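Here's the letter readout for the chains.
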Amino acid sequence: MNAWLLAACVLLPAGVGPCVWRASRGAPAQRLAATSLAGTMAVAVFLLAARGLHRTSYVDVALVAAVLAPTSTLVYARCLAGGAGPAGRREETEDTG
């Protein structure tokens, strides 16, 4: 075990663990922030593991997670706002008109 893997093993429970706990409990705004931070922490863990295992192909997993983490945060924020999306809004305007 090298320093990169040790850092990944420490960051996983110490960084992602509290984020998962806060995402499962608390106010909706705190859950949203915890979800966003957990995505960022997961990317860091993936990058540290890729460096520690000397596998450059594992960086691809971190890159995909880095792209999907903000997207999932936006979807979660949309669900918190109660938005049904553009199709749901069109149906509402047709019913009232």
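This text goes with the structure placed above it.
Let us look at the structure shown here. (Residues numbered from 1 in each chain as written. Predicted model: local features only at pLDDT ≥ 70, side-chain atom pairs only at ≥ 80, totals over all residues. Heavy atoms only, no water.)

A few points about the side chain of Thr-73
Move 1: Among the structural elements, Thr-73 can be located in helix H3 (residues 59–81).
Move 2: In this structure the side chain of Thr-73 is engaged in a polar contact, spanning 3.0 Å, whose partner is the backbone oxygen of Ala-69.
Move 3: With residues up to four places along the chain from it excluded, the contact list for Thr-73 reads Leu-32 and Ser-36. (Helix = DSSP H or I, 4+ residues; strand = E, 2+ residues; numbered from the N terminus. Polar contact = N/O pair within 3.5 Å; in protein donor to acceptor, adjacent residues only side chain to side chain. Contact = heavy atoms within 4.5 Å.)

Considering H3
Residues separated by three or four positions in an α-helix point in the same direction, a consequence of the helix having 3.6 residues per turn.
Move 1: Spanning 23 residues, H3 covers 34 Å between terminal C-alpha atoms, matching the ideal 33 Å at 1.5 Å per step.
Move 2: Of the positions making up H3, those classed as buried are Ala-62, Ala-65, Ala-69 and Thr-73.
Move 3: Close packing links the buried residues of H3 with helix H2 (28–53).
Move 4: Among the residues trailing H3, Gly-82 stands out with phi positive, at a value near 80 degrees. (Expected span 1.5 Å × (residues − 1). Buried < 20%, exposed > 50% of the residue type's maximum accessible area, 1.4 Å probe, protein only.)

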